[in-house]
Amino acid sequence: MERRDFLKMSAAMSAAAAVTGCSSESAKTTPPPVLPVEEKLNWSACLVNCGSNCPVKVYSRDGIITRIESEFTTTDEYGNHDVRACLRGRSLRKRVYAPDRLKYPMRRVGPRGSGQFERISWDEALDLVAEKLQATIDNYGNESIHFTYNSGARYHFSGKQCLYRLMNLKGGYLNAYGDYSWSQIYEAAGQTYGSAGPGWQGSSVSEMQNSDLVLMVGYNPSEIRMSGSGEAYDFLMQKRQKQFKTIIIDPRYTDSAVGKEDQWIAIRPGTDAALFEALAFEWITNNRVNQAFLDKYCVGYDEKTMPAGVGYEESYKSYILDNATVGDLTPGANAKTPAWAAAITGIEEHIIVELARELADAKAPFIQIAASLNRQAAGENNTRAGYMLPILLGQLGLPGTNSGGLCKGSYLTAPFMPTGSNPVKKAISFFTFTQAIEDGENMTVLADGVQGVDLDENGDGKLGTNIKAIINYGGNALINQHADVNKTTKIIADESKCEFILVVDNWMTPSAKFADILLPDVSWLESEDLIYQSYSAGDTATLVQMSSSVGPMFECRPIYEVCVDLAKRMGVEAEFTEGKSREDWLNQFYAEAQAATPDLPEKEVMLKQGIHRKYLPNGSYIVLEEFRKDPDANPLGTPSGKIEIYSSRLAEKARTWKLKEGDVITALPKYIPTWEGYEDTETKKSYPLQLFGYHTKGRAHSSYHNVPWLREAVQDAVWINPIDANKRGLQSGDKVHVFNDRGTIEVEVKVTPRIMVGVVALGQGAWYQGGSVDRGGCVNVLTTHRTTAITKGNPQHTNLVEIRKV
Ligand SMILES: Nc1nc2c(c(=O)[nH]1)N[C@H]1C(S)=C(S)[C@@H](COP(=O)(O)OP(=O)(O)OC[C@H]3O[C@@H](n4cnc5c(=O)[nH]c(N)nc54)[C@H](O)[C@@H]3O)O[C@H]1N2
Ligand SMILES: Nc1nc2c(c(=O)[nH]1)N[C@H]1C(S)=C(S)[C@@H](COP(=O)(O)OP(=O)(O)OC[C@H]3O[C@@H](n4cnc5c(=O)[nH]c(N)nc54)[C@H](O)[C@@H]3O)O[C@H]1N2
Ligand SMILES: [Mo]
């Protein structure tokens, strides 16, 4: 922080302390101090990627933040309740004033990644950025410029959309499809239900009111949807209103359990599909499947609904029973029995049988297959296999049921800065950018999932270009959040490969250290915007009017202004601004939001009240309701218009795609024993423990890592079961090395029965520090660049490791 700002801040803070009686000098006799300026209140929001975008109240004096409060303006009756920020939003003052805040534009002076920079002026920085981007376009073409995945700042007006807009006006950039969150879910839902929707927008949480049994597979709202109005709160209130049974299947005894669950079933990571198949076996052999539903709405269950030319022996029923004979229920030697699944999943046979009975008996089971399963090596198949539960029971499109998808949130809408369209059609999977830096030229459709290229007679085609420049705005996935950080840093550090890296952030993150030019953005608390809650904040829809009395700090500038100045230099200013000022854009957006939500108060009112909310503005959502009512009038987006248990499109990919050894694509949803999974006995000889990096309360990904309060509140420790700990002589609090062939990290260990035997777990997102042992404790030192089979997405939850005491 500049000395001037620091002095201003400490003056304001000591004045505040005197008033609240916190100062030792506030003796009873001294007259009350005269405050320098009145305390102001502005509403702002936490725009991090947890899906909630909570409002926060920012109090300030003379441009210095004095305190942060969460919302408490309602009577707090459920349905009209406060949208209270979690521990992260409440710590925002610390984050904004963190010592590693970026304060002025910088140019790299040492080797890339060394973190050595020199301060430069904005003019110099923008000249350099414009020059480098133009040179990359001239030398290698627009498709050699790439935006790495970024989700750290969910602005509507002055956010990443501005940079996309600028680049689209300049001829575009190499697209990415998919994302770290849900790539394999999109694929699974697309193949099964004809669109991604039923995968990431299942029924509303409120539908639990109509359910008697909620099954949460790897779903952990209490830690991943923490907002005071979000899914965690909705779930609690639904439970309070109706005592439906709750069963949680998770290798970890999560905060979503701890007393809220009726049953916790611990499962080995990546093996859920085996459990689902055993449930299917139980239902088929006990005549509990909904045959009428399968006949009418689905393709591929048995001989009655196989696609032309495909026989019964390729049907789902035959696969589960290992029985090629129509009508016969005699199981074969490879039948997917509970005993078979018990050996793989670690769940006792009788528990599987009981679970099958309970689900079949339930009047309206609400089944949710969470995203963690899709971040496993066979993520597409794990998820498809999970969708089979509601499908086999015919418990879909009805009150109280769900497709297996994540819950659909409720929305009020507000516009985003329009990006325009990208003239470049070529796209890679977001997860393969490191490969595209090294060898994009030779990446193909059939081997690497490249999209949007011309196809040859074999149906294949090449990307034909390497990534030569990267723009990384509001993302830490250049380094920290991407897999195999040690390998990634080597690729990114090589200036002969990717020749230019622009990073725009607020703090000196592990990714920021790899910038050639580093630009300081304003923080949320310094910004004006109208935002709505993000993708998954439950049943309360909100609009929040952000405004600020505290910025811009230092030499930070909003990215909108930065892009206007870049557009000037790159000859597209008029197209970029459309002749509008910043105020014009904000007014236009406000008017558009009012048109969509007519009872949204005038802006002057919103500036004072901050938030406009509505519980379930469009009512409670039942996924696939229309299809269930009338499948002919409302066909799905699959080729058959029906639910595809057997996917002809995947059968085609299985035939034509060039897969790595050990990768499998199957027409039916199947349990696949994968590399570095429970059944990878070869790798387990050296690395016997399954590890995943879950999403922790103390951070949103890597965001908020640099807030000491949060590091204190939520311990970063690798969880291990007492049985595994005893074998290694470990006690809680010991420092350990967690390692595999890709690297070693040093963290504390927490010995707890809340994690199952053979499995260890560590909150993801800690900042990578580098070195042969990463003392930052970044779990991605241990994860792999290897992709999932179909979407070429991220299997970051599939890892084998060993642990030893330091
Ligand atoms: N506090 C916080 N909240 C967040 C985020 C954050 O970083 N921090 N990130 C946000 C984002 S962008 C996303 S995409 C979501 C992610 O949400 P999820 O993908 O649901 O989160 P995870 O923590 O990866 O996994 C949830 C649970 O699944 C369990 N699990 C892991 N592997 C398996 C498995 O193979 N089978 C089963 N049955 N369970 C398994 C883990 O123990 C964990 O408790 O969270 C969002 N919310
Ligand atoms: N091992 C493992 N790795 C994972 C996951 C996992 O489960 N396991 N989860 C994955 C998932 S689901 C996701 S979504 C990704 C998330 O990966 P990212 O999208 O990279 O998310 P963050 O780590 O939160 O990084 C956000 C960045 O935005 C910056 N930022 C915040 N506010 C602002 C702002 O106002 N302006 C600018 N310019 N920058 C800002 C932050 O400082 C930070 O550098 O991580 C993935 N990585
Ligand atoms: Mo995510």
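Residues numbered from 1 in each chain as written. Chains lettered and ligands numbered in written order. Predicted model: local features only at pLDDT ≥ 70, side-chain atom pairs only at ≥ 80, totals over all residues. Heavy atoms only, no water.

Lining the immediate environment of ligand 1, one finds 36 residues, of which Ile224, Asp250, Asp272, His701 and His797 sit closest. In the environment of ligand 1, an oxygen atom lies 3.0 Å from a nitrogen or oxygen atom belonging to the side chain of Gln376. Contact with the protein chains removes 99% of the 910 Å² of surface that ligand 1 exposes when unbound. Residues belonging to the shell around ligand 1 are distributed by class as follows: 14 nonpolar, 13 polar and nine charged. (Near = heavy atom within 4 Å. Polar contact = N/O pair within 3.5 Å; in protein donor to acceptor, adjacent residues only side chain to side chain. Areas by Shrake-Rupley, 256 points an atom, 1.4 Å probe, with all protein chains shown as cover. Nonpolar A, V, L, I, M, F, W, Y, C, P; charged D, E, K, R; others polar.)

Looking at the protein as a whole, the pLDDT averages 95, with 96% of positions reaching at least 70. Ignoring residues within four places in sequence, the model shows residues 1–27, a span with pLDDT below 50, making 29 contacts including any to other chains. (pLDDT = per-residue confidence, 0-100. Contact = heavy atoms within 4.5 Å.)

So, about the sheet that holds strand β9 (residues 245–249). An order of β10-β9-β8-β12 is seen for the four strands of this open sheet, with the pairing classed as parallel. Where the open sheet ends on each side, the last strands, each with one partner, are β10 (263–265) and β12 (365–369). Neighbouring strand axes in the sheet, compared pairwise and without regard to direction, differ in orientation by 15° on average. With five bridges joining them, strand β8 (residues 213–217) and β9 adopt parallel strand pairing. What sits directly across from Leu213, in β9, is Lys245. Here helix α15 (residues 379–393) sits on the sheet in contact with β8 and β12, set at roughly 170° to β12. (Pairing = 2+ DSSP bridges. Helix = DSSP H or I, 4+ residues; strand = E, 2+ residues; numbered from the N terminus. Axes fitted to C-alpha atoms, helices over the stretch in contact; angles between N-to-C directions.)

The next subject is the UniProt feature "domain: 4Fe-4S Mo/W bis-MGD-type" (unreviewed entry) in the protein. Under the UniProt annotation, "domain: 4Fe-4S Mo/W bis-MGD-type" (unreviewed entry) lies at residues 39–100. Annotated as 15% helix and 32% strand, the span residues 39–100 places its first and last C-alpha atoms 26 Å apart. (UniProt positions renumbered as here; feature names shortened; annotations may be inferred.)

Take unusual backbone geometry next. Excluding glycine, residues mostly carry a negative phi; peptide bonds, for their part, are mostly trans. Here the amide bond leading from Gly551 into Pro552 is cis, since omega sits at -15°, within 30 degrees of zero. A positive phi angle, close to 65°, is found at Asp76, a residue other than glycine. Looking at where Asp76 falls in the secondary structure, it is placed in the loop between β3 (64–70) and α2 (87–90).

Enumeration over the complete set of coordinates arrives at 50 salt bridges. For Asp716, the salt bridge goes to Arg711, with nearest N and O atoms at 3.4 Å. For Asp716, a relative accessible area of 22% puts it in the partly exposed group. One continuous salt-bridge network, built from bridges that share partners, spans Glu39, Lys57, Arg67 and Glu69. (Salt bridge = Lys/Arg side-chain N within 4 Å of Asp/Glu carboxyl O. Buried < 20%, exposed > 50% of the residue type's maximum accessible area, 1.4 Å probe, protein only.)

Turning to the site of ligand 2, a few remarks are in order. By nearness alone, 37 residues border ligand 2, and Ser151, Asn476, Asp505, Ser702 and Ser703 come closest of all. For ligand 2, whose unbound accessible area comes to 930 Å², protein coverage reaches 99%. When its residues are assigned to classes, the shell around ligand 2 shows twelve nonpolar, 21 polar and four charged. Formed jointly, the shell around ligand 2 draws a minimum of three residues from each of two domains, domain 2 (106–174 + 424–521 + 556–578) and domain 3 (681–805). (Domains from an automatic or database assignment.)

The next thing to look at is the side chain of Ser203. Among the structural elements, Ser203 can be located in the loop between α7 (197–200) and β8. At a separation of 3.1 Å, a polar atom in the side chain of Ser203 contacts the main-chain amide nitrogen of Val623. Not counting chain neighbours up to four residues away, the residues in contact with Ser203 comprise Phe366, Thr401, Asn402, Cys407, Lys408, Tyr621, Ile622 and Val623.

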